[in-house]
Amino acid sequence: MGKSPKFMVFHLRELIYTIVFILLGVILIISLILMFCNKSGNKKEDETTSGKYEPGVYTSCITLNGNPMDLTVVLDADHINAITVDNVSDTITTMYPLVQPAFDDIAKQIVSNQSLDNVQFAEDSQYTYTIIYNAIADTIKSATNE
């Protein structure tokens with residue numbers, strides 16, 4: 001008689017663990033390949049992006065005497081489209097009556113000039129203009145592509 005058949009015994013638990021580890025290894029390898037391939041693709045997109053600003057809507061918060069108001073700047077690649085202020089409480093409009101006119105004046109100048117340079121402040125409310133101008137300038141600078 002020839003050779004007797006040999007039987008191999010696999011424990012089901014060990015077989016399942018082996019399959020799970022093989023699948024995790026394959027997923028890890030695929031994810032690493034995709035991660036590094038996309039990274040080089042993003043550099044090409046960044047190089048082709050032109051413009052002064054990263055397009056989007058940017059917000060910041062100004063706090064006057066514990067009362068917040070939200071500043072919103074809308075930008076596209078090369079232009080400042082709009083600057084608005086939201087959530088102005090009645091306390092701010094009562095205690096600081098020059099805030100809204102000062103904001104409107106600064107926003108109008110920046111949007112029409114498309115620049116933070118040469119913004120004229122009113123003589124009677126330098127402090128208010130400075131606070132609002134600095135908040136707008138910081139918000140726009142956070143969106144600059146430089």
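Now for a look at the structure at hand.

What counts as what
Residues numbered from 1 in each chain as written. Predicted model: local features only at pLDDT ≥ 70, side-chain atom pairs only at ≥ 80, totals over all residues. Heavy atoms only, no water. Phe/Tyr/Trp six-rings, centres within 6.5 Å; stacked < 30°, edge-to-face > 60°. Helix = DSSP H or I, 4+ residues; strand = E, 2+ residues; numbered from the N terminus. Buried < 20%, exposed > 50% of the residue type's maximum accessible area, 1.4 Å probe, protein only. 1 Å grid on protein atoms, 1.4 Å probe; cavity = no way out; pocket = protein on both sides within 12 Å on 5 of 7 lines; lining within 4 Å. Points joined across faces, edges and corners; volume = space filled by probe spheres on them. Nonpolar A, V, L, I, M, F, W, Y, C, P; charged D, E, K, R; others polar.

This brings us to the packing of aromatic side chains. Summed over the entire model, instances satisfying the criterion amount to two aromatic pairs. For the ring pair phenylalanine 121 and tyrosine 133, a centre distance of 5.7 Å and an interplane angle of 65° mean the geometry is edge-to-face. One end of the pair, phenylalanine 121, is in the loop between α3 (99–113) and α4 (126–141); the other, tyrosine 133, is in helix α4, with twelve residues separating them in the sequence. The class of tyrosine 133 is buried, set by a relative accessible area of 19%. By the ring-pair criterion, three or more aromatic residues cluster together here, those being Phe121, Tyr129 and Tyr133.

Estimates place the volume of the largest pocket at around 160 Å³. Lys52, Tyr53, Leu116, Ile140 and Thr144 are, among the ten residues lining the largest pocket, the residues nearest its centre. When the residues that make up the lining of the largest pocket are grouped by side-chain class, the tally is four nonpolar, two polar and four charged.

As a rule of thumb, non-glycine residues mostly have phi less than zero, and peptide bonds are mostly trans rather than cis. With a phi close to 55°, asparagine 65 is a non-glycine residue in the positive phi region. By secondary structure assignment, the location of asparagine 65 is in the loop between β1 (56–64) and β2 (67–75). One non-glycine residue, asparagine 118, lies in the positive phi region at around 60°.

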